[in-house]
Amino acid sequence: MKSDNENIIVVKSKAFALRSIQLYRYLIQEEREYVISKQFLRSATSIGANVKEAIRGQTDADFGTKMNISLKEASETEYWLELMQESEYISFEKGEEMLADCRELIKILTAIVRTTYNKGNKN
């Protein structure tokens, strides 16, 4: 098994979480936005937390379930980013950067979940 430093979903989800924390700080300090930003922070940081938990899963089913939860959290995060961008809490450019990263996570997680469930259906 790859180390966490070599595992692309671990690395990218953690980097996204760190950028999300920075965005959250900006939103509460500069925009005085507390509701959407908190929802965003919870879902954005939950992606990587569930990925880490999945990596340490006891069974393939456990792994698949946690990765699917990560995928759902990434989809929720995408929604909050779209809302913040469209409501102009964040700039179009910042929104597009974060959305691109979030959508990349969604693509990777979708592939992992599909592969995991297809692997389970072959047995």
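Residues numbered from 1 in each chain as written. Predicted model: local features only at pLDDT ≥ 70, side-chain atom pairs only at ≥ 80, totals over all residues. Heavy atoms only, no water.

Caption draft 1: The side chain of Ser37, seen in detail. With respect to the secondary-structure elements, Ser37 resides in helix α2 (residues 35-55). Residue class for Ser37 comes out buried when judged on its relative accessible area of 0%. Apart from residues no more than four positions distant in its own chain, Ser37 is found in contact with Tyr24, Leu27 and Ile28. (Helix = DSSP H or I, 4+ residues; strand = E, 2+ residues; numbered from the N terminus. Buried < 20%, exposed > 50% of the residue type's maximum accessible area, 1.4 Å probe, protein only. Contact = heavy atoms within 4.5 Å.)

Caption draft 2: Structural detail: the packing of helix α1 (residues 8-29) against helix α3 (residues 60-86). At a minimum axis separation of 13 Å, α1 and α3 run at an interaxial angle of 35 degrees. Crossing of α1 over α3 shows left-handed handedness. Seen from α1, the contacting residues are Ile9, Phe16, Leu23 and Leu27; seen from α3, they are Met67, Thr77, Leu81 and Met84. Among the residues forming the contact of α1 with α3, the class breakdown is seven nonpolar, one polar and no charged. (Axes fitted to C-alpha atoms, helices over the stretch in contact; angles between N-to-C directions. Left-handed = near helix turned anticlockwise from the far one by under 90°. Nonpolar A, V, L, I, M, F, W, Y, C, P; charged D, E, K, R; others polar.)

Caption draft 3: Focus on the environment of Ser91. Assignment of secondary structure puts Ser91 in the loop between α3 and α4 (92-121). Placed 55 residues apart in sequence, Ser91 and Ile36 show a C-alpha to C-alpha distance of 15 Å. At a separation of 3.0 Å, a polar atom in the side chain of Ser91 contacts the main-chain amide nitrogen of Lys94. (Polar contact = N/O pair within 3.5 Å; in protein donor to acceptor, adjacent residues only side chain to side chain.)

Caption draft 4: Looking closely at the side chain of Gln85. Tracing the chain through its elements places Gln85 in helix α3. Assessed through its relative accessible area of 11%, Gln85 is described here as buried. A polar side-chain atom of Gln85 sits 3.0 Å from a polar atom in the side chain of Glu96. In contact with Gln85, other than residues within four places in its own chain, are Ile90, Ser91, Phe92, Gly95, Glu96 and Leu99.

Caption draft 5: Broad picture of α3. An ideal rise of 1.5 Å per residue puts 39 Å on 27 residues; α3 measures up with 39 Å between its terminal C-alpha atoms. Glu88 lies just past α3 and shows a positive phi near 65 degrees. (Expected span 1.5 Å × (residues − 1).)

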